[in-house]
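Observations on the three-dimensional arrangement
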Amino acid sequence: MDSILLRRLFGLDPELAHRLGFGAAWLADRIAPAYLEKTFGFDDPVLHQEVWGLNFPNPIGLAAGCDKNALLVSFWDRLGFGHAEVGSVTVNRSSGSSRPRLFRLPEDRAVINRLGLPSKGSRRVVQRLSRCSAIKMPIGVSIARVDGSSSAIKDYCQCALRLLPYADYLTINISCPNTIDGKSFEVPEHLDSLLNALMDELGDRVPVLVKLSPPDTPKVIYDSQTEALLETAVRHGVNGFVVTNTAKDRLGLVTDKESLDAIGDGGLSGPPIYPRAVQMVRYVRSCVGPDYPIIGVGGISSAEDAYQMIRAGASLLQIYTALIYEGPKLVQSIKRGLVQRLKSSGYTSIASVVGTAPGIGESASVAELPFTPSV
């Protein structure tokens, strides 16, 4: 049944298919909740862990960008996710970029999007999250501002404060094309200004994470700008990192150049960025150590991908693009595969596996960095 539905959805415009898929999920969540839990549910104590004082039933989360407006939070819970990150949410309603803005690359099982942060706005998301008190999993909220806003930092602060009572954690999305006078918040001095204002407003009421872009190559050894960003974030008291966002380039694709040229600009997600994402997780872990948990995201499409991302240093994971190609049973499949790998390797918990892969020996150790992480 899933494969038939997926084939029919793939015959439609990607954004229309997304809306229809959401409609079907919304209906199923309301008329057949017990069926969803019975069909897709799977639990094992070995997958449980506590991160930032929050209880995660398993490490598999929904990445931001899928449920931008918190429409299906209870559905993701019944599907067996260990957490869901909604958004990115903007303080006011935003229509995003003009269409077409979402493109499938079937040969690469990947997606290119230039959605431009469409959002119903923080007030609408607050209304929906206020009705989620029965949800068992933690709910994260990714916040951003629309490119071109005259008061970017104010946008972030207002959005964060409005969503704060309803978020188990907040992710500061600095790695979409959000700019200050044409410059990115991934420039350390601009991130410093943002976090100086934002962390002062938020205090320590919820964990705050920073989302980073993928590197230009999977061969990350040393990157001074990334380490400057990490130093800035740590100095301001962030609690962890989301690694990584979509990629602007087209490295490693099978899709022909003519098709890619016709699509144009946009962020690439899916398996082609996995090698870079897992290496970036290793790199960030090597820089900041185990006291700043990482959510690994980028091209995860199997239990083996998930396992290697955890070994690289990710305490939690997120998926999105793979759901488009594999369907909702993927969540259960990854969880079962993780349990098998953990138990066959003699591990008794997810936490005991995190960061067990060899670190990036050529990169600076924490002691050699221009900063010392503090906890």
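Residues numbered from 1 in each chain as written. Predicted model: local features only at pLDDT ≥ 70, side-chain atom pairs only at ≥ 80, totals over all residues. Heavy atoms only, no water.

Examining the overall build of the protein chain
A tally of helices and strands in the protein chain yields 13 helices and 15 strands. Taken against the 2.2 N^0.38 rule, which gives 21 Å for 375 residues, the C-alpha radius of gyration of the protein chain at 19 Å falls within 12% of a compact globule. Taking the contacts inside the protein chain whose residues are at least 6 apart along the sequence as the reference set, 76% of them involve residues at least 24 apart. Entry remark: accessible area of the protein chain is about 16100 Å², with carbon and sulfur atoms responsible for 51%. For the protein chain, the distance from the average position of its 39 positive side-chain charges to the average position of its 38 negative side-chain charges is 8 Å. (Helix = DSSP H or I, 4+ residues; strand = E, 2+ residues; numbered from the N terminus. Rg over C-alpha atoms; globule rule 2.2 N^0.38 Å. Contact = heavy atoms within 4.5 Å. Areas by Shrake-Rupley, 256 points an atom, 1.4 Å probe, with all protein chains shown as cover. Lys, Arg positive; Asp, Glu negative; His and termini not counted. Charge placed at Lys NZ, Arg CZ, Asp CG, Glu CD.)

Topic: the sheet that holds strand β12 (residues 240–243)
Pairing is parallel around the closed barrel formed by 8 strands, whose spatial order is β3-β4-β7-β8-β11-β12-β14-β15. Sheet twist, expressed as the average angle between the axes of neighbouring strands with direction ignored, equals 25°. Alignment of strand β4 (residues 83–89) against strand β7 (residues 139–143), held across 4 bridges, turns out to be parallel. For A84, the partnering residue across the bridge sits in β7 and is I139. (Pairing = 2+ DSSP bridges. Axes fitted to C-alpha atoms, helices over the stretch in contact; angles between N-to-C directions.)

Re the confidence of the model for the protein chain
Mean pLDDT over the protein chain: 90, with 90% of residues reaching 70 or higher. Below pLDDT 50 for its whole length, residues 177–182 participates in 16 contacts with residues either more than four positions away or in separate chains. When the criterion is pLDDT under 50, residues 362–370 qualifies, and its contacts beyond four places in sequence or with other chains add up to 16 contacts. (pLDDT = per-residue confidence, 0-100.)

What to know about helix α2 (residues 14–31)
In a regular helix each residue adds 1.5 Å, so 18 residues correspond to 26 Å; α2 covers 26 Å between its end C-alpha atoms and thus fits that length. For α2, the full list of buried residues reads P14, E15, A17, F22, A25 and D29. In an axial view of α2, the angular spread of the buried residues amounts to 150°, which keeps them on one side of the axis. Sitting at the head of α2, D13 places a side-chain oxygen 3.1 Å from the backbone nitrogen of E15. (Expected span 1.5 Å × (residues − 1). Buried < 20%, exposed > 50% of the residue type's maximum accessible area, 1.4 Å probe, protein only. Arc of directions from axis to C-beta. Polar contact = N/O pair within 3.5 Å; in protein donor to acceptor, adjacent residues only side chain to side chain.)

Quick look at the sheet that holds strand β6 (residues 110–113)
The strands making up a sheet are joined through hydrogen bonds of the backbone, oriented either antiparallel or parallel. The sheet built from 3 strands is open, its strands ordered β5-β6-β13 with antiparallel pairing. Either end of the sheet is taken by a strand with one partner, and the two such strands are β5 (102–105) and β13 (267–269). Each strand of the sheet is rotated relative to its neighbour by a mean of 20°, with strand direction disregarded. Looking at chain direction, β5 and β6 are connected through 4 bridges and run antiparallel.

Concerning the pairing of strand β15 (residues 316–319)
Side chains of β15 alternate between two faces, with L316 and Q318 and L317 and I319 buried alike. Sheet analysis places strand β3 (residues 60–62) next to β15, joined by 3 bridges and oriented parallel. Looking at the pairing, L62 lines up with I319 of β15. Sheet topology places strand β14 (residues 294–297) next to β15; 3 bridges connect them, and they run parallel. Directly across from V297, in β15, lies its bridge partner Q318. You can see the chain leave β14, run along helix α11 (residues 303–312) and come back into β15, and the turn it takes is right-handed. (Right-handed = clockwise from strand over helix to strand, strands pointing away.)

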